[in-house]
Amino acid sequence: MKLLIASDIHGSAYYCAKLMEEIKKENPDRIVLLGDLLYHGPRNDLPKDYAPKKVIPMLSEYKDKILAVRGNCEAEVDQMVLPFSCLADYALLETDGITMYLTHGHHANPEQLPPLPQGSVFLSGHTHVKRDEVINGIRCLNPGSVSIPKDGSHSYLLYENGDFRFVTLED
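What counts, and at which threshold
- Residue positions are given per chain, counting from 1 as you read along its sequence in written order.
- Per-residue local features are limited, in this predicted model, to residues with pLDDT of at least 70; the limit for side-chain atom pairs, both in listing and counting, is 80 or more; totals at the level of whole chains, interfaces and linings are taken over all residues.
- Values reported for side chains reflect all heavy atoms of the structure, with hydrogen atoms and water molecules removed beforehand.
- A pairing counts as a salt bridge when a side-chain nitrogen of Lys or Arg comes within 4 Å of a carboxyl oxygen of Asp or Glu.
- Each residue is assigned to one of three classes by its accessible area relative to the maximum for its type, calculated with a 1.4 Å probe on protein chains only: buried under 20%, partly exposed between the two thresholds, exposed over 50%.
- In this description a helix means any DSSP run of H or I spanning at least four residues, a strand means any run of E spanning at least two, and both kinds are numbered starting from the N terminus.
- DSSP bridges decide pairing: two strands pair if at least two such bridges lie between them.
- Patch membership requires over 30% relative accessible area and the absence of a salt bridge. Like charges are linked within 9 Å, and nonpolar side chains (Val, Leu, Ile, Met, Phe, Trp, Tyr) within 5 Å.
- The Shrake-Rupley method, run with a 1.4 Å probe sphere, supplies the accessible areas, and residue values consider only the shown protein chains as cover.
- By this rule, a helix spans an expected 1.5 Å times one less than how many residues it contains.
- Whether two residues touch is decided by their heavy atoms; if any such pair falls within 4.5 Å, the residues are in contact.
- Assignment of crossover handedness uses the view with strands pointing away from the viewer, where a clockwise path from the first strand over the helix to the second indicates a right-handed crossover.
- For every element, the axis is a line fit to its C-alpha atoms; helices are fit only across the contacting stretch, and the angle between N-to-C directions ranges from 0 to 180 degrees.
- When charges are counted, neither His nor the chain ends are considered; positive counts come from Lys and Arg and negative counts from Asp and Glu.
- Within 3.5 Å is the distance limit for a polar contact, defined as a pair of N or O atoms, with the added protein rule that one can donate a hydrogen and the other accept it, and that residues adjacent in sequence qualify only through two side-chain atoms.

### Section: the pattern of salt bridges
Here is step 1 of the chain: Inspection of the entire model under this criterion finds eight salt bridges.
Here is step 2 of the chain: Put simply, Arg139 and Asp132 hold a salt bridge, and the shortest N to O gap is 2.8 Å.
Here is step 3 of the chain: The exposure class of Arg139 is partly exposed, given its relative accessible area of 26%.
Here is step 4 of the chain: One connected set of salt bridges, linked through shared partners, spans Lys2, Glu26 and Arg165.

Take a look at the structure:
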């Protein structure tokens, strides 16, 4: 199973287009989106080429591959314009014998982990900072932010054959 895992697009048509190039190149089995897809939120500056209406068709092209969870900037209206579910607070994905817990990170987070079996993977976004560490036997990963990184690199994660790796979007 090959997964492309991204978070915090925040309505940037520019960086969403960069992500679409990566999706075409990598051809993942599933695309995992960890929230904050269309809107920038009141705490963030506008991302480059902020145009949620342009992001909608880009993401919609992959509706059959997307597994998305709700971020703190998602609203019910988002579900009306996106052809895939985007309002669940979390999702569980079992692949290659690994339990993956998918959430945005504004409720459950590495400091407040849900009950998971040892060896599970906790995937969250929200902080806009890449993370990879093991806490109490749970691997906690954050792909960083596609459009508004707080660590300076626009990024996502790739999962394949039991391995995760960070990928930086070229600017």
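### Digging into the pairing of strand E5 (residues 98-103)
Here is step 1 of the chain: Within E5, six of the six residues are buried, which leaves the element mostly enclosed by the surrounding structure.
Here is step 2 of the chain: Of the two faces of E5, the one lined by Ile98, Met100 and Leu102 and the one lined by Thr99, Tyr101 and Thr103 are each fully buried.
Here is step 3 of the chain: In terms of strand pairing, strand E4 (residues 90-95) meets E5 through six bridges, oriented antiparallel. Note that in E5 the partner of Glu94 across the bridge is Thr99.
Here is step 4 of the chain: With antiparallel pairing between neighbouring strands as the criterion, E4 and E5 make up a hairpin whose turn holds two residues, including Asp96 at a positive phi of roughly 50°.

### Some remarks on a nonpolar patch on the surface
Here is step 1 of the chain: Side chains of Val77, Met80 and Val81 sit close together on the surface and give an oily, nonpolar patch of about 290 Å² of accessible area.
Here is step 2 of the chain: Within the secondary structure, Val81 sits in helix H3 (residues 76-81).

### Notes on helix H1 (residues 13-26)
Here is step 1 of the chain: Compared with an ideal rise of 1.5 Å per residue, which puts 14 residues at 20 Å, H1 spans 20 Å between its outermost C-alpha atoms and is within 8% of the ideal.
Here is step 2 of the chain: Tucked into the core, H1 has its buried residues touching strand E1 (2-6), strand E2 (30-33), helix H2 (52-60), strand E9 (155-160) and strand E10 (163-168).

### Let's talk about the pairing of E2
Here is step 1 of the chain: Looking at chain direction, E1 and E2 are connected through four bridges and run parallel. Among the inter-strand pairings, Leu3 is bridged to a residue of E2, identified as Arg30.
Here is step 2 of the chain: Sheet analysis places E2 next to strand E3 (residues 66-68), joined by three bridges and oriented parallel. Across the sheet, residue Val32 finds its bridge partner in E3, namely Leu67.
Here is step 3 of the chain: As for the winding sense of the linkage, the β-α-β connection from E2 through H2 to E3 is right-handed.

### A few points about the sheet that holds E10
Here is step 1 of the chain: Taken together, the five strands give an open sheet; going across it, the order is E3-E2-E1-E9-E10, and neighbouring strands pair in mixed fashion. Only two strands of the sheet have a single neighbouring strand rather than two, namely E3 and E10. Across this sheet, the average inter-strand angle for adjacent strands is 25°, counted without regard to direction.
Here is step 2 of the chain: Along the sheet, H1 makes contact with E1, E2, E9 and E10, crossing E1 at roughly 175°.

### Comments concerning the side chain of Glu74
Here is step 1 of the chain: Looking at the secondary structure, you find Glu74 in the loop between E3 and H3.
Here is step 2 of the chain: It is Arg70 that comes nearest to the buried, bridge-free Glu74 among opposite-charge side chains, at 6.4 Å.
Here is step 3 of the chain: Separated by 2.7 Å, the side chain of Glu74 and the backbone nitrogen of Leu37 make a polar contact.
Here is step 4 of the chain: Looking at Glu74, its side chain comes within polar contact range of the main-chain nitrogen of Gly71, at 2.6 Å.
Here is step 5 of the chain: With residues near it in sequence (within four places) discarded, Glu74 still touches Gly35, Asp36, Leu37, Leu38, Val69, Cys86 and Leu87.

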